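# Structural features, examined
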Amino acid sequence: MASDHFVAAEPDDPQAVEAFAEMMASQLEAADPATRVDIARKLAPCARAPLRLLVKLQALGPEISDFVLEHAVAYSELELKQAIARGAREAIAVAKRNPLSPALANLLTFHDDPDVLVALAHNAFAELEMAAMLRLLRRARSRAEERGDLRLAEALLERRPVRADYALLFLFARPDQRVEILLAAQRMQLGRPPGSPPSPSSAVLDELELTAVSRQPARFVATLAEALDCDPGLAQRIVEDVSGEPLAVALAALGASNEVLVRVLTSNDLAAGESYGRIRTLARLNNALDRHAATMIVAAMRDGAVMARRHQTLTDGRAPSEPSRAVAARAESGRGDPPLRLRVK
């Protein structure tokens, strides 16, 4: 009853607040676990809850501590940062807060525990600025590729609004998520200065078509890696994706015509009767997809920064120059059809 009265009245008299804290602290020692939880649920959302009482509640067990950290309004950012530093369990509780400030969200992106990152990504009320989002996207891709852990990637792909930078996870996205990423990339082109996309390199496209039709998969992957200026491992994954969507986007970035795309896809083990419809769908995707947007998707798949390239000139179907991953690597060594209304006017 005392906690109910305090929450309803929210007294601003320091002496009254201190008297309540003193009385409640002594009563908590003798209270049963259910009563302690009930009191925590009442006091945590109260802006005038005494800090020393919140600390007392946290000391009563992990369940109460997590609830208080997640919901306590009276805690300052400094106190929440200190909680994050204490351990993964506390960091997870803070990561679930509604709302969660950009500063706290950014701090949490540096945490080593993947469960903390997943909790942060699942929190729709966490304000993730661009640098923090890119850090999470790269961590998600790294964990997916190196450990097969898709939890962070899946959580990020569910966040709204969808950003073009989600293309870092394009190979791990569902068909509907890929469409949303492509749409986001298309929308970014609305602010682009007028200009025609660069002419495709006919020699590169001829080589890709020839190696595909002649069934030379190793040469096809090497040529694609060179054309996209990406690591051969990425080119291999693009080619091996059974949906054909990543390869269709890559060919669109290179300026391939529908005829070239169809011949390449047909030769790339999509020639079964039941796949003809799929190839037609990918050809329609090629028609609908802006070439600059496709180039941005490829740049992000190879870990380029999409936003940084928004207003930079594209040359030879590529994003602005980076160290060539393809050259460096050589030196060292059934999804459903997506919707097709992608053109953004």
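Residues numbered from 1 in each chain as written. Predicted model: local features only at pLDDT ≥ 70, side-chain atom pairs only at ≥ 80, totals over all residues. Heavy atoms only, no water.

## Quick notes on the overall build of the protein
Stated formally: Helix and strand definitions follow DSSP, with helices as H or I runs of at least four residues and strands as E runs of at least two, each counted in order from the N terminus. Summary of the burial criterion: residues with accessible area below 20% of their type's maximum are buried, those above 50% are exposed, and those between are partly exposed, where the area comes from a 1.4 Å probe applied to protein chains only. Method for areas: the Shrake-Rupley scheme with a 1.4 Å probe, in which residue coverage is limited to the protein chains shown.
From N to C terminus, the protein includes 20 helices and 0 strands. When the 345 residues of the protein are sorted by exposure, 49% land in the buried category. Surface exposure of the protein reaches about 16500 Å², of which carbon and sulfur atoms provide 54%.

## Examining the packing of aromatic side chains
Using the following cut-off: Pairing of aromatic side chains requires ring centres within 6.5 Å, counting the rings of Phe and Tyr and the six-membered ring of Trp. Pairs whose planes differ by under 30 degrees are stacked, by over 60 edge-to-face, and all others tilted. Note on criteria: charge over ring means Lys NZ or Arg CZ within 6 Å of the ring centre, with the direction from the centre no more than 35 degrees off the ring normal.
Inspection of every chain in the model, using the stated rule, returns 0 aromatic pairs. The cationic tip of Arg178 hangs over the ring face of Phe170; the distance from NZ or CZ to the ring centre is 5.1 Å.

## So, the nonpolar core
The criterion, for reference: To form a nonpolar core, buried Ala, Val, Leu, Ile, Met, Phe, Trp, Tyr and Cys residues must be joined to one another through side-chain atoms within 4.5 Å. We call two residues contacting when some pair of their heavy atoms lies within 4.5 Å.
Among the nonpolar cores identified, the biggest contains 101 residues, and Leu57, Leu120, Leu156, Ile181, Leu224 and Ile297 are the most heavily contacted of them. If sequence neighbours within four positions are ignored, Leu224 has contacts with Leu208, Ala235, Ile238, Val239, Leu247 and Leu254.

## Remarks on helix H3 (residues 33-43)
Inclusion rule: Starting at the helix axis, one direction is taken to each C-beta atom, and the arc is that of these directions.
Those residues of H3 that fall on the buried side of the exposure criterion are Arg36, Val37, Ile39, Ala40 and Leu43. Viewed along the axis of H3, the buried residues span an arc of 160°, placing them on a single side of the element.

## Some details on unusual backbone geometry
Backbone torsion omega between Asn98 and Pro99 reads 0°, so that peptide bond is classified as cis. Its location among the elements puts Pro99 in the loop between helix H7 (88-95) and helix H8 (102-108). Cis rather than trans, the peptide bond between Arg160 and Pro161 has omega equal to 5°. Relative to the elements of secondary structure, Pro161 occurs in the loop between helix H11 (151-157) and helix H12 (175-188). Residues other than glycine seldom take positive phi values, yet Arg215 does so here, at roughly 55°. Of note, Arg215 is situated in the loop between helix H13 (202-213) and helix H14 (217-228). Relative accessible area serves as the criterion here: at 52%, Arg215 is assigned to the exposed category. Backbone geometry at Asp229 places phi at a positive 55°, although glycine is not the residue there. Inspection of the secondary structure puts Asp229 in the loop between H14 and helix H15 (232-240).

## Section: the packing of H14 against H15
Just so we agree on the cut-off: Helix axes are fitted to C-alpha atoms over the stretch in contact, other axes to C-alpha atoms as well, and angles between N-to-C directions run from 0 to 180 degrees. Reported orientations rely on four angle classes, namely roughly parallel under 35 degrees, roughly antiparallel over 145, roughly perpendicular from 65 to 115, and oblique for the rest. Left-handed is the label given to a crossing in which the near helix is rotated counterclockwise from the far helix by less than a right angle, and right-handed is the label when the rotation is clockwise. Here the term charged refers only to Asp, Glu, Lys and Arg, the term nonpolar to Ala, Val, Leu, Ile, Met, Phe, Trp, Tyr, Cys and Pro, and the term polar to all other amino acids, Gly among them.
Where H14 contacts H15, the axes come no closer than 8 Å and their chain directions differ by 115°. Classed by the angle they form, the pair H14 and H15 counts as roughly perpendicular. Where H14 crosses over H15, the handedness of that crossing is right-handed. Packed against H14, whose contacting residues are Phe220, Val221, Leu224, Ala225 and Leu228, the element H15 presents Pro232, Ala235, Gln236, Ile238 and Val239 at the interface. Residues that form the contact of H14 with H15 fall into these classes: 9 nonpolar, 1 polar and no charged.

## Overview of the environment of Pro217
Structurally, the position occupied by Pro217 is in helix H14. The class for Pro217 is exposed, based on a relative accessible area of 60%. Considered as a pair, Pro217 and Gln236 are 19 residues apart in the sequence and their alpha carbons are 9.2 Å apart.

## Quick look at the pattern of salt bridges
Rule in force here: In what follows, salt bridge is the name for a side-chain nitrogen of Lys or Arg lying within 4 Å of a carboxyl oxygen of Asp or Glu.
In total, this model carries 14 salt bridges according to the counting rule given. We note a salt bridge from Arg174 to Asp176, for which the minimum N-O separation is 3.0 Å. The exposure class assigned to Asp176 is partly exposed, which follows from its relative accessible area of 38%. Its salt-bridge partner being Glu209, residue Arg263 comes within 2.3 Å of it at the nearest N-O pair. Placement of the pair is Arg263 in helix H17 (residues 258-267) and Glu209 in helix H13, with a sequence separation of 54 residues. Here Arg263 falls in the partly exposed class, since its relative accessible area comes to 37%. On the accessibility criterion, Glu209 (16% relative accessible area) is buried. When salt bridges with common partners are traced through the structure, they connect Asp115, Arg143, Asp149 and Arg151 into a single cluster.

## Comments concerning helix H6 (residues 77-86)
Where H6 is concerned, the buried positions are Leu80, Ala83 and Ile84. Down the axis of H6, the sector holding all buried residues measures 100°, keeping them to one side. In this structure, H6 carries Leu78 and Ala85 as exposed residues pointing more than 90 degrees from its buried face. If you follow the buried residues of H6, they end up packed against helix H5 (62-71), H7 and H8.

## Here's the deal with the environment of Ala140
For Ala140, the position within the fold is in helix H10 (residues 130-147). For the pair formed by Ala140 and Leu169, sequence separation is 29 residues and the distance between their alpha carbons is 7.9 Å. Setting aside its immediate chain neighbours within four residues, Ala140 contacts Asp149, Leu152, Ala153, Leu156 and Leu169.

## Some details on the side chain of Asp149
Mapping Asp149 onto the fold places it in the loop between H10 and H11. Among the residues examined, Asp149 registers a relative accessible area of 14% and is labelled buried. Residues contacting Asp149, with those up to four places away along its chain left out, are Ala140, Arg143 and Ala144.

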